[in-house]
Amino acid sequence: MKVCIAEKPSVAREIANILGAKTRKDGYFEGNGYQVTWTFGHFCTLKEPHEYYTEWKQWSLAYLPMIPPRFGIKLIDDSGVAKQFAVIEELISKAEEVINCGDAGQEGELIQRWVMQKAACNVPVKRLWISSLTEDAIREGFEKLREQDEFNSLYEAGLARAIGDWLLGMNATRLYTIKYGQNKSVLSIGRVQTPTLALIVNRQLEIENFKPEPYWELKTTYRDVIFSVTKGKFTTQEEGLEFLEKIKESNFEITDITTKKGEEAPPRLFDLTALQVECNKKFGFSAEDTLKLIQTLYEKKLTTYPRVDTTYLSDDIYPKVPNTLRGLAGYENLVTPILASKIKKSKKVFDNSKVTDHHAIIPTGVRANNLAGNERLVYDLIARRFIAVFYPNCIFSTTTVLGEANKVEFKATGKQILDAGWRVVFEKQTNQQEEKEENDKENILPEFVKGEQGPHEPSLAEKWTQPPKLYTEATLLRAMETAGKLVDNDELRDALKENGIGRPSTRAAIIETLFKRNYIRKERKNLTATITGIQLITTIQEELLKSAELTGLWEKKLRQIEKKEYEPKLFINELKEMVSTVVHNVKNDWNYKAITIEDKEAPKAEKKETKKKEKSEKKPSSPRKKKEKKLICPVCKTGNIIKGKTAYGCSNWKTGCQFRLTFEQAGGDNLSDEALYEVLKNYNA
């Protein structure tokens with residue numbers, strides 16, 4: 001009998017159906033020569049300190065550093081886990097072969113390997129490695145099962161990560177809690193969470209210590225176009241006024257006009273971090289919210305494997321693209337032009353060298369008929385990104401106009417879209433604010449003629465230098481990805497990803513941990529550190545513990561372990577040495593004071609805002625409220641949306657508007673105004 005171990009019951013059910021194992025047993029499915037069982041999250045973990053030595057149960061500086069001679073694993077103390085593990089253990093003991101069907105990533109590999117190790121598996125093991133949960137992908141995966149040994153380095157990297165986190169977390173947390181804590185409160189220190197907290201704290205302190213300085217900008221308006229002096233900013237008002245007086249009485253003359261054509265490529269496909277960033281910016285979703293939503297879409301077979309850090313597709317996906325595009329229900333008007341001719345194979349989309357275990361997040365082509373609310377929003381982002389990469393570049397022209405008044409040079413620039421190209425894919429998505437920002441960027445200029453001149457209106461404005469902005473989850477995720485270096489350029493960001501802190505799959509959890517530890521809180525979209533968070537980072541003098549750059553180098557080594565370019569033992573020995581050094585230094589720190597443990601209660605202003613929000617959410621919606629939500633028909637643009645017996649329709653149905661959205665298409669017959677508004681916003685007529 002072949003035993004398949006899936007990552008969760010729902011996946012096991014899918015696999016069992018495809019393999020013909022249709023008899024349901026207690027904890028597994030059976031049939032056609034297969035037994036399909038499952039785990040659900042971590043079943044095993046590294047042993048606790050006291051399970052190595054009983055004296056380590058006591059939190060005392062005398063027993064630090066704690067470095068076990070050999071690490072061991074144990075089953076998690078949970079009755080459900082114990083019961084399901086007993087099933088797996090029994091099945092493995094009688095198996096002729098085991099097929100590891102775990103999540104196809106580093107964490108999934110570690111979870112399943114530990115379970116097999118704990119169950120004393122000594123039969124041949126194969127690996128199912130797939131990028132989506134569609135029937136075709138699973139069938140293809142079973143036809144091309146891989147040897148378990150191919151993934152040894154992935155497991156070693158996961159194991160090295162777990163041991164590194166144990167060494168640093170257990171030792172540093174006890175060390176700082178005993179030395180600087182108070183009132184039995186634990187000061188949690190982590191290999192990734194502490195440098196992430198340091199990013200937030202350092203930015204906050206930078207803002208608090210920022211001293212604004214004045215500067216002056218000289219501009220002039222000619223033919224309703226604002227020109228800026230090319231000299232730049234003035235550091236004193238006197239200098240600015242001197243130039244203002246100089247040009248006041250002179251005519252303004254156009255001295256040069258240059259127009260250049262340019263092209264803008266479509267935005268890259270999504271990796272997990274880019275998707276989390278976009279969802280935070282557009283919808284205010286937390287990184288954790290987005291991860292849960294994309295995981296649900298993956299399990300519904302609508303999108304591919306989500307925990308990825310590449311924005312490229314492998315070459316073998318290219319022939320599957322037309323069918324995937326045809327399966328995108330509701331996007332036919334955008335897909336038809338692509339399918340009208342042969343799809344171009346661009347190196348900016350397909351590049352095997354940029355893909356390791358999994359490719360970028362894309363739709364699977366399975367029709368998404370019953371999505372609503374936030375799931376629909378996330379799916380729409382992914383679908384449109386996927387469609388856009390097969391559209392032509394956006395073509396624009398940039399015009400630069402130079403002018404002068406009394407030999408003082410000024411400049412104005414404008415951008416005009418000549419051919420929207422891929423931008424048409426996102427036209428319905430753009431909100432009014434984004435449209436305004438886009439129009440401001442384009443700044444279309446009137447026709448100027450070289451040598452023309454006339455009166456102008458100069459002005460000198462006082463401005464002040466601005467501090468950097470607080471982190472949002474979007475900007476923090478980018479900073480984690482690039483070890484604190486904020487970079488807009490895609491190519492440069494790719495190069496820095498090697499040294500990013502955390503992994504795409506764990507960054508959301510790290511941010512959530514900082515919230516739970518009461519080290520940070522959210523004020524609107526901004527992340528701010530609490531007193532405890534600030535004092536913890538300012539107390540830690542060891543750069544090894546809080547430097548994003550140094551932690552990024554460890555992350556790089558973990559990636560190198562995956563690629564068989566670095567020895568796991570070396571990585572663990574380096575961390576052991578580091579832990580010993582940190583413990584020695586902190587033990588000998590005599591200039592210290594206890595860290596303030598801030599009350600977990602939110603600030604008063606935050607409490608008021610929360611209460612106000614809760615109060616407004618409790619109020620039942622009225623017809624007037626519905627009108628304020630502007631549930632306007634997306635077809636005729638004038639009628640209101642009304643609810644019928646089986647569908648939503650338009651109030652103008654009597655005068656010929658044929659808009660109709662069944663409850664099934666909308667995702668329910670009892671949608672809130674907000675949810676229905678989002679569905680209508682993404683409706684393709």
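The structure displayed is predicted, hence computed values, not measured ones. (Residues numbered from 1 in each chain as written. Predicted model: local features only at pLDDT ≥ 70, side-chain atom pairs only at ≥ 80, totals over all residues. Heavy atoms only, no water.)

So, the overall build of the protein
When helices and strands are tallied, the protein shows 24 helices and 21 strands. Here the protein holds 685 residues, and the buried ones make up 48% of them. Taking the intrachain contacts of the protein between residues at least 6 apart in sequence as the baseline, contacts between residues at least 24 apart amount to 76%. If you sum the accessible surface of the protein, you get close to 35,200 Å²; carbon and sulfur atoms cover 48% of it. (Helix = DSSP H or I, 4+ residues; strand = E, 2+ residues; numbered from the N terminus. Buried < 20%, exposed > 50% of the residue type's maximum accessible area, 1.4 Å probe, protein only. Contact = heavy atoms within 4.5 Å. Areas by Shrake-Rupley, 256 points an atom, 1.4 Å probe, with all protein chains shown as cover.)

Focus: the side chain of Ser-132
Residue placement: Ser-132 occurs in the loop between strand E8 (125–127) and helix H4 (135–143). A polar contact of 3.3 Å, which involves the side chain of Ser-132, links it to the side chain of Thr-134. Leave out the neighbours within four places in its chain, and Ser-132 touches Ala-137, Tyr-298, Thr-303, Thr-304 and Thr-364. (Polar contact = N/O pair within 3.5 Å; in protein donor to acceptor, adjacent residues only side chain to side chain.)

Remarks on the environment of Lys-22
You can see Lys-22 is positioned in the loop between helix H1 (9–19) and strand E2 (23–25). Sequence spacing of Lys-22 and Gln-35 is 13 residues, and the spatial spacing of their C-alpha atoms is 9.6 Å. What Lys-22 contacts, discounting residues up to four positions off in sequence, is Asn-17 and Glu-30.

Thoughts on the nonpolar core
The biggest cluster of nonpolar side chains holds 151 residues, and the ones touching the most others in it are Ile-15, Leu-325 and Ile-387. For this core, the element with the most residues is helix H5 (residues 152–180), which contributes 12 residues. When residues no more than four places from it in sequence are discounted, the contact partners of Leu-325 are Val-335, Ile-338, Leu-339, Ile-343, Phe-386, Ile-387 and Phe-390. (Core = buried A, V, L, I, M, F, W, Y, C linked by side-chain atoms within 4.5 Å.)

Focus on the packing of aromatic side chains
If you walk through the whole model with that rule in mind, you get 21 aromatic pairs. Taking the centre distance of 5.9 Å and the plane angle of 80° together, the rings of Trp-422 and Phe-426 count as edge-to-face. With a relative accessible area of 14%, Phe-426 lands in the buried category. An aromatic cluster is built from Tyr-222, Phe-227, Phe-252, Phe-410 and Phe-448, whose rings are joined through pairwise contacts. Taking the ring centre of Phe-270 as reference, the NZ or CZ of Arg-385 above it sits at 4.0 Å. (Phe/Tyr/Trp six-rings, centres within 6.5 Å; stacked < 30°, edge-to-face > 60°. Lys NZ or Arg CZ within 6 Å of the ring centre and 35° of its normal.)

Comments concerning unusual backbone geometry
Here the bond from Leu-64 into Pro-65 is cis, since omega is 0°, no more than 30 degrees from zero. Tracing the sequence through the fold places Pro-65 in the loop between strand E5 (44–46) and strand E6 (73–75). Positive phi, close to 55°, is recorded for Arg-524, a residue that is not glycine. Relative to the elements of secondary structure, Arg-524 occurs in the loop between strand E17 (520–523) and strand E18 (526–529). Under the relative-accessibility criterion, Arg-524 is labelled exposed at 73%.

What about the environment of Ile-257?
Looking at the element boundaries, Ile-257 is found in strand E12 (residues 252–264). Not counting chain neighbours up to four residues away, the residues in contact with Ile-257 comprise Thr-399, Thr-400, Val-401, Phe-448, Val-449 and Lys-450.

Topic: the sheet that holds strand E20 (residues 647–650)
Here we have 3 strands laid out as an open sheet, ordered E19-E20-E21, and antiparallel in their pairing. In this open sheet, the two edge strands, each paired with only one partner strand, are strand E19 (641–643) and strand E21 (660–662). Looking at each pair of strands side by side, their axes are set apart by 25° on average, direction ignored. Across 3 bridges, the pairing between E20 and E21 is antiparallel. Note that in E21 the partner of Gly-649 across the bridge is Arg-660. (Pairing = 2+ DSSP bridges. Axes fitted to C-alpha atoms, helices over the stretch in contact; angles between N-to-C directions.)

A few points about the sheet that holds strand E7 (residues 97–101)
Here 7 strands make up an open sheet; going across it, the order is E2-E3-E4-E1-E7-E8-E9 and the pairing mixed. Here the strands that pair on one side only, and so sit at the sheet edges, are E2 and strand E9 (146–147). Here E7 runs beside E8; their pairing, made up of 3 bridges, is parallel. In the strand pairing of E8, Val-98 is matched with Val-125. On top of the sheet, H1 reaches strand E1 (2–6), strand E3 (28–31), strand E4 (34–38) and E7; it is set at about 170° to E4, its chief contact.

Quick word on the packing of helix H8 (residues 272–283) against helix H12 (residues 373–388)
Direction vectors running N to C along H8 and H12 enclose 120°, while the axes themselves pass 11 Å from each other. By the criterion of interaxial angle, the relationship of H8 to H12 is oblique. Pair H8 / H12 crosses with right-handed handedness. Along its contact with H8, which presents Leu-275, Glu-278, Cys-279, Lys-282 and Phe-283, the element H12 presents Leu-377, Val-378, Leu-381, Ile-382 and Arg-385. Partitioned by chemical class, the residues of the contact of H8 with H12 number 7 nonpolar, no polar and 3 charged. (Parallel < 35°, antiparallel > 145°, perpendicular 65-115°, else oblique. Left-handed = near helix turned anticlockwise from the far one by under 90°. Nonpolar A, V, L, I, M, F, W, Y, C, P; charged D, E, K, R; others polar.)

Quick word on the pattern of salt bridges
According to the stated counting rule, one finds 31 salt bridges in the structure shown. The shortest N-O distance in the salt bridge between Arg-191 and Asp-165 comes to 2.5 Å. On the criterion of sequence distance, the pair formed by Arg-191 in the loop between H5 and helix H6 (193–208) and Asp-165 in helix H5 is long-range, its members being 26 residues apart. Arg-191 gets classed as buried once you look at its relative accessible area, which sits at 3%. The salt bridge involving Arg-384 is made with Asp-380; its shortest N-O contact spans 3.0 Å. (Salt bridge = Lys/Arg side-chain N within 4 Å of Asp/Glu carboxyl O.)

Considerations on H8
Between the first and last C-alpha of H8 there are 16 Å, a value that for 12 residues agrees with the 16 Å anticipated at 1.5 Å per step. Buried residues dominate H8, accounting for 9 of its 12 residues. When H8 is considered as a whole, its buried residues turn out to be Leu-272, Thr-273, Ala-274, Leu-275, Gln-276, Val-277, Glu-278, Cys-279 and Asn-280. Two residues or fewer past H8, Gly-284 is found with a positive phi of approximately 75°. (Expected span 1.5 Å × (residues − 1).)

So, to be careful, I would describe these as geometric facts and stop short of saying anything about function.
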